[in-house]
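One-letter residues, chain by chain:
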Amino acid sequence: MWLRKKQSVVIFCRIVYGTRDIMDDVVLTFDVDWAPDFMIEYVVDMLVDRGIKSTWFITHDSPATRALLCNTLVEVGIHPSFELADAHWTGGYSDVINRLLEIVPDAKSVRTHKLAQSHEILGTLSTHGLEIDSSLYLPRMSHVVPFDVAYSDGNKHNLVRVPFIWTEATEMSTSSPFLRSHVPRAPGLKVFAFHPVHIYLNSRTMKQYRQLQKLRGYPCCSQEDVTQFISHRSGTKSMFVHVLDNTEEQTKTLSEIVSEWQKKRNEMVPCVEHGTLIYGTIPTSVMSR
Ligand SMILES: [Zn+2]
């Protein structure tokens, strides 16, 4: 009897709240990584032309990063680099976070540079008012959903973690990079992490980027300096355009995705089938059996 009841719940979850109903959005995110303004503006223009929403994790103050704050299609989060935080900065992680929050005081979202993460880092982010972290990389993983973790500094702070499943750096390391068939299409949340420099260069390998750093002192370089390093084969930009062309009109920022997930979660109960956690609502008729 119990088994029949459980099976009914699982079947109901699958039918009514199948993965597509839970989260199947394509979410575009960008790690600024100190890119020059002309690269940031280049990417923003492509998104605005198509009316596509996006989330940007900024590393510095500049006219282009300030302009992101006024763009209604954009959510601005922070991209702190903790590489030197322990060794050289007496303020540690808080100092790095506070410097970026001076630029984006209302930031809710964060992805750490080089995906630095530890219990201490994530806890410090949550106690500075950041609510959403996207520093977890699950390459090409299907059925991705957000999840939350509680941290405490005396008061409880929840950090919702939204993993990303694709970034160009991994694509560059494959033997036949940037094939259209490599775009993840499996069910679940599909968060892409792009870098403006690689879109601008249409990077196919890291070689273009490293040469630009070595020969032109990137990121302190002009648009003219960069021209010779742009690839005309399939690369990051061609993949980016392919993703844009195949993205439904109703795009969302990370905060919007999390709000939607929180709302749905309040109406659902977890079900486990074959080791996979899915969410569904138990219909009254099943509960009363
Ligand atoms: Zn970074």
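Residues numbered from 1 in each chain as written. Predicted model: local features only at pLDDT ≥ 70, side-chain atom pairs only at ≥ 80, totals over all residues.

Caption draft 1: Spotlight on the overall build of the protein chain. Helix and strand content of the protein chain: 14 helices and 11 strands. Looking at the protein chain as a whole, 34% of its 289 residues are labelled buried. (Helix = DSSP H or I, 4+ residues; strand = E, 2+ residues; numbered from the N terminus. Buried ≥ 20, exposed ≤ 12 C-beta atoms within 10 Å, placed from the backbone.)

Caption draft 2: How the structure looks around unusual backbone geometry. Cis geometry is adopted by the peptide bond preceding Pro 219, which originates at Tyr 218 and carries an omega value of 10°. Here Pro 219 is to be found in the loop between α10 (207-216) and α11 (223-226). A positive phi angle is found at Asp 33, which is not glycine, with a value near 50°. Positionally, Asp 33 belongs in the loop between β1 (26-31) and α3 (37-50). Look at Asn 202: it is not a glycine, yet its phi comes out positive at around 50°. Among the structural elements, Asn 202 can be located in the loop between α9 (196-201) and α10.

Caption draft 3: Representation of the pairing of strand β2 (residues 54-58) in the model. By the criterion of burial, β2 is predominantly enclosed, with five of the five residues buried. What you see with β2 is no split at all: Ser 54, Trp 56 and Ile 58 on one side and Thr 55 and Phe 57 on the other are buried throughout. Both β1 and β2 contribute to a ladder of three bridges, which runs parallel. Among the inter-strand pairings, Phe 30 is bridged to a residue of β2, identified as Trp 56. (Pairing = 2+ DSSP bridges.)

So yeah, pure geometry; function would need other evidence.
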